[in-house]
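# Summary of structural features
Below, each chain spelled out in residue letters.
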Amino acid sequence: MNKRLILAFFMLIMTIGCSQKQNDDWAFGPFERPEGVNPIITPTGQTTFHSPIRDSVLHWESMATFNPAATVKDNKVHVLYRAEDLTGKMEIGGHTSRLGMAISEDGLHFDRQKIPVFHPDNDDQKKYEWPGGTEDPRIVETEDGNYVMTYTQWNRETPRLAVATSPNLKDWKKHGPAFEDAYGGKYNHIESKSGAILTRREGDHLVATKVNGKYWMYWGVPKIHLATSPNLKDWKPVETQKDTLKPVLMPRNNHFDSWLVEAGPPAVMTDDGIVVIYNAGNDGKTGDPAIPDSIYTGGQALYDSSHPSKLLKRLDKPFIKPRMEYEKSGQYKNGTTFLEGLVHFQDQWFIYYGTADSRVGVVRWKPSK
């Protein structure tokens, strides 16, 4: 091979390498695990709560604390995390879940409230929330400074994606299942969960934002779908021309997300498009052979800013996966880095996530610009 061909070959390799890097420049990260703080929230038997349904005092977060939402309020990070007590069966989904709150001035060290801020009650949502509870929240701000939370109602029969609102993160109003009235209620009795509402960043606040006059939400598992809303409370799933749910992200063979994809934290509008961080499950037979079967990792996808259903790019490798002991030991033995909370705070991005359905962890990324 002469020098000219060698030089051409070298330039081709360099171009391919740079193009691949450029293709990923839209993605958030790289994220790191801060030293000496994880897991940031763990189960405790020191807190009690009087259950209005059981009419008894329970150690409400003694079994597990995991799968958190996060937002910034009053220049502090507020994390709402799922907590399980010891009642019920010793299996995943067999306990009662409530949402606790923890507050931090640096995003890393948290003070926890002693009682849950959101829980099943003797209200009009009891039929959807008891005995399994309220699970897996995501939180966004509204234009007027209030908060919208999507969460899973679990009655141990059907998981339902639901909506609640609050002016202060403490006093919540439940609005019921997100799809209760859409299309005459045809989606109210299907399994639905994981609502990631589209936002824009304003300083340290992720504010729900409209595209084409509507609010948008990525939701669902094992495929990710879309829904729209005029008011952030009543949601209408996006359908195909055949009146079925339209998937906007699918599992892929030979990849880390071969088993399932599930919407993660609130989606974020960026200069490149809409970044959707999602949770991914690997299939040991059809997926990435370098990743164990049924393990949960994290992926990212980019959508068109004007057309939230139009997929532009997608990471081929997970940007986070279980590797620490606390991420691989707990209720879910295979391991999870289950992503639900995303905040911009003190010039950094923080992701708060559930580890093995048992604890809460944090990773952070400080952009160079």
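In what follows, the structure referred to is the one given above.
Reference entry: report on the structure contained in this document. Since this is a predicted model, take the numbers as computed values, not measurements. (Residues numbered from 1 in each chain as written. Predicted model: local features only at pLDDT ≥ 70, side-chain atom pairs only at ≥ 80, totals over all residues. Heavy atoms only, no water.)

## Observations regarding the environment of T42
The cut-off we apply is this: Think of it this way: any DSSP run of H or I at least four residues long counts as a helix, any run of E at least two long counts as a strand, and we number them from the N terminus. A simple rule labels every residue: compare its accessible area, found with a 1.4 Å probe on the protein chains alone, to the largest value its type can have, and call it buried under 20%, exposed over 50%, or partly exposed in between.
Mapped onto the fold, T42 is located in the loop between α1 (3–23) and β1 (49–51). For T42, a relative accessible area of 31% translates into the label partly exposed. With 209 residues separating them along the chain, T42 and P251 place their C-alpha atoms 31 Å apart.

## What to know about the packing of aromatic side chains
The cut-off we apply is this: Each pair of aromatic rings taken from Phe, Tyr and Trp, with Trp reduced to its six-membered ring, is defined by centres within 6.5 Å and is described as stacked if the planes are under 30 degrees apart, edge-to-face if over 60, and tilted in the remaining cases. Note on criteria: charge over ring means Lys NZ or Arg CZ within 6 Å of the ring centre, with the direction from the centre no more than 35 degrees off the ring normal.
This structure, assessed with the given rule, holds 17 aromatic pairs. Here the aromatic rings of F350 and Y352 are separated by 6.2 Å at their centres, their planes lie at 10°, and the arrangement is stacked. Through successive ring pairs, a cluster of aromatic residues spans F28, F31, F319, W349 and W365. A cation over a ring is seen here: K186 above Y183, with NZ or CZ 5.6 Å from the ring centre.

## With respect to the pairing of strand β21 (residues 296–303)
Filter applied, for reference: Strands pair, by our definition, only if DSSP identifies at least two bridges between them.
In terms of residue burial, β21 counts as a mostly covered element, since eight of its eight residues are buried. Burial of the side chains of β21 extends over both faces: Y296, G298, Q300 and L302 are buried on one face and T297, G299, A301 and Y303 on the other. Where strand β20 (residues 274–281) meets β21, eight bridges bridge the pair, whose relative direction is antiparallel. Counterpart to V276 in the pairing with β21 is A301. Where β21 meets strand β22 (residues 311–314), three bridges bridge the pair, whose relative direction is antiparallel. In the sheet register, Y303 faces β22, and the bridge partner there is L311.

## Side note on the sheet that holds strand β25 (residues 359–365)
Here is the rule we go by: Axis definition: a line fit to C-alpha positions, over the contact stretch in the case of helices; interaxial angles, taken between N-to-C directions, run 0 to 180 degrees.
Here we have three strands laid out as an open sheet, ordered β23-β24-β25, and antiparallel in their pairing. The open sheet is flanked by β23 (337–345) and β25, the only strands paired with a single partner. Along the sheet, successive strands turn relative to each other by an average axial angle of 25°, direction set aside. Here β23 pairs with strand β24 (residues 348–355) via eight bridges, running antiparallel. If you follow T337 over to β24, its bridge partner there is T355.

## What about unusual backbone geometry?
In the segment running from G29 into P30, the intervening peptide bond is cis, with an omega of 10°. Residue W130 is joined to P131 through a cis peptide bond whose omega torsion reads 10°. Checked against the element boundaries, P131 lands in the loop between α2 (126–129) and β7 (133–141). Of note in this structure, N67 is not a glycine but carries a positive phi near 40°. In this structure, N67 sits in strand β3 (residues 64–73). On the basis of relative accessibility, which here comes to 3%, the residue N67 falls in the buried class.

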